Amino acid sequence: MKFGTKAIHAGVEPDPVTGAVMTPIYQTSTYAQEAPGQHKGYEYARTQNPTRSVLEKNLAALENGIDAICFASGMAAMDAILRTLNPGDEIISTNDLYGGSYRLMVRVYERFGVKAHFVDLGDQEKVKKLISPKTKLFWIETPTNPMLNIVDIKKVCSMAKAHGILTCVDNTFASPYLQNPLDLGADIVVHSATKYLGGHSDVVLGAIIVKDEKLAQDLHFLQNAMGAVPGPHDCFLVLRGIKTLHIRVERACKNAKKVAKFLQAHPKVSKVYYPGLKDNPYHELAKEQMRGFGAMVSFDLQKDTFEDAIRVLSNTRIFTLAESLGGVESLIGHPATMTHASIPREERLKVGLTDSLIRLSVGIEDVEDLIEDLEQALVQL
Ligand code: P1T
């Protein structure tokens, strides 16, 4: 089955009782049992919920995995993965990544004796030096948030495999429509479904997809034991969002490429970060491992000042100043004070995340209007 057909149909059957074509929202906390221990496979809604099960089947199909495990947010999903580690274990992670992911590893897990190293995963020599018997997990985010660097999934996963280390790819920025990390050798894929999967900025949800039965069991155990499960209505919203994932992402990518080209030619812009641009250092790698270049674009201003960035951010009319991404509407953000404020400034500057860096989540509006909006904001500098 091809992607669009899977997005709409995988795991989804008409309701056996009523024939309802759309998956019902099973808004229940518990299920009647005929006798103690005799039930229809559903005991308690933290453990199993039919709406959630359909979403999990659908997501497993989209990522070519065997199972998916859903959580109340992307961070809760990441938390579950990190809970498979033990005190003394170490993580090697992308050095450019979502501020919240950095915060969870450094501010929470370090207290429990799990240490994370942040490094350019493209620098094999540096990575090799960090690998030790303590290394248990590679945390790969690609494209990275917010610099849009691309990590070679195949290369990193084969290096990890040679050392018996587990690999996890945060596939949020690409979405399964553009990239399937399990096919490239990763063990685990994680998503903030809040973004492209949901697609309408109306739900917060996280998902893990795996291809190994034992890992799936361990993560389902943690899902139930920890209890950070998504509600059935949220599962329904993500399921509905996924039905148009392919056409939304297709259009958003087209728009993003035009926006990136416009910014690249603009005299007030010094640098554009978008893997779809031919002169981007990751262009060829992105072409190899992705089926499109995504719809996130970051850029820096000629005058690299906080004041100029604030002026642009305050003057767009269609691009809404907000955190998050992946919705139908275009958003503009300032990583230094918003999504990446939890990363120390000196760490941010090391990866090029300056005080004037601006991040766009390009939506599916008419691209002429988006470009006109950016032009009128930039002209005010
Ligand atoms: O927000 P939540 O659903 O908990 O997902 C966290 C998360 C995980 N991974 C990546 C790559 C992310 O970008 C995020 C959330 N990011 C934003 C809110 C943002 O604006 O970048």
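For clarity, every value in this text was computed on a predicted model and none was experimentally measured. (Residues numbered from 1 in each chain as written. Predicted model: local features only at pLDDT ≥ 70, side-chain atom pairs only at ≥ 80, totals over all residues. Heavy atoms only, no water.)

**Describing the sheet that holds strand E2 (residues 90-94)**
Read across the sheet, seven strands follow the order E1-E7-E6-E5-E4-E2-E3 without closing on themselves; strand pairing throughout is mixed. The open sheet has two free edges, formed respectively by strand E1 (67-71) and strand E3 (115-119), since each of these has just one partner strand. Across this sheet, the average inter-strand angle for adjacent strands is 20 degrees, counted without regard to direction. Bridge analysis of E2 against E3 gives five bridges, and the strand direction is parallel. The residue of E3 that forms the bridge with Thr 94 is Val 119. Lying on the sheet, helix H2 (residues 50-62) is in contact with E1 and strand E7 (206-210); it crosses E1 at an angle near 130 degrees. Running over the sheet, helix H6 (residues 153-162) touches strand E4 (135-141) and strand E5 (166-170) and is turned about 175 degrees from E4. (Pairing = 2+ DSSP bridges. Helix = DSSP H or I, 4+ residues; strand = E, 2+ residues; numbered from the N terminus. Axes fitted to C-alpha atoms, helices over the stretch in contact; angles between N-to-C directions. Contact = heavy atoms within 4.5 Å.)

**Topic: the packing of helix H3 (residues 74-82) against helix H7 (residues 213-226)**
At a minimum axis separation of 10 Å, H3 and H7 run at an interaxial angle of 115 degrees. Classified by chirality, the crossing of H7 by H3 is right-handed. Facing Ala 76, Asp 79, Ala 80 and Ile 81 of H3, the residues of H7 in contact are Leu 219, Leu 222 and Met 226. Looking at the contact of H3 with H7 residue by residue, the classes come out as six nonpolar, no polar and one charged. (Left-handed = near helix turned anticlockwise from the far one by under 90°. Nonpolar A, V, L, I, M, F, W, Y, C, P; charged D, E, K, R; others polar.)

**Quick look at the pattern of salt bridges**
Here the structure, examined in full by the defined rule, presents 13 salt bridges. Taking the shortest distance from any N to any O, the salt bridge between Asp 187 and Lys 161 comes out at 3.7 Å. With Asp 187 in the loop between E5 and strand E6 (188-192) and Lys 161 in helix H6, this pair connects stretches of sequence that are 26 residues apart. Accessibility expressed as a relative area gives 42% for Lys 161, which makes it partly exposed. The shortest N-O distance in the salt bridge between Asp 355 and Arg 348 comes to 3.6 Å. Looking at Asp 355, the relative accessible area reads 18%, which means it is buried. In this structure Arg 348 comes out as buried when scored by relative accessible area, which is 8%. (Salt bridge = Lys/Arg side-chain N within 4 Å of Asp/Glu carboxyl O. Buried < 20%, exposed > 50% of the residue type's maximum accessible area, 1.4 Å probe, protein only.)

**Describing the domain arrangement of the protein chain**
When cut into domains, the protein chain gives domain 1 (3-242) and domain 2 (247-378). Computed from C-alpha coordinates alone, the two centres of domain 1 and domain 2 are separated by 26 Å. On inspection of domain 1 and its partner domain 2, the count reaches zero salt bridges. The interface formed by domain 1 and domain 2 includes 17 residue pairs in polar contact (both at pLDDT 80 or more). (Domains from an automatic or database assignment. Polar contact = N/O pair within 3.5 Å; in protein donor to acceptor, adjacent residues only side chain to side chain.)

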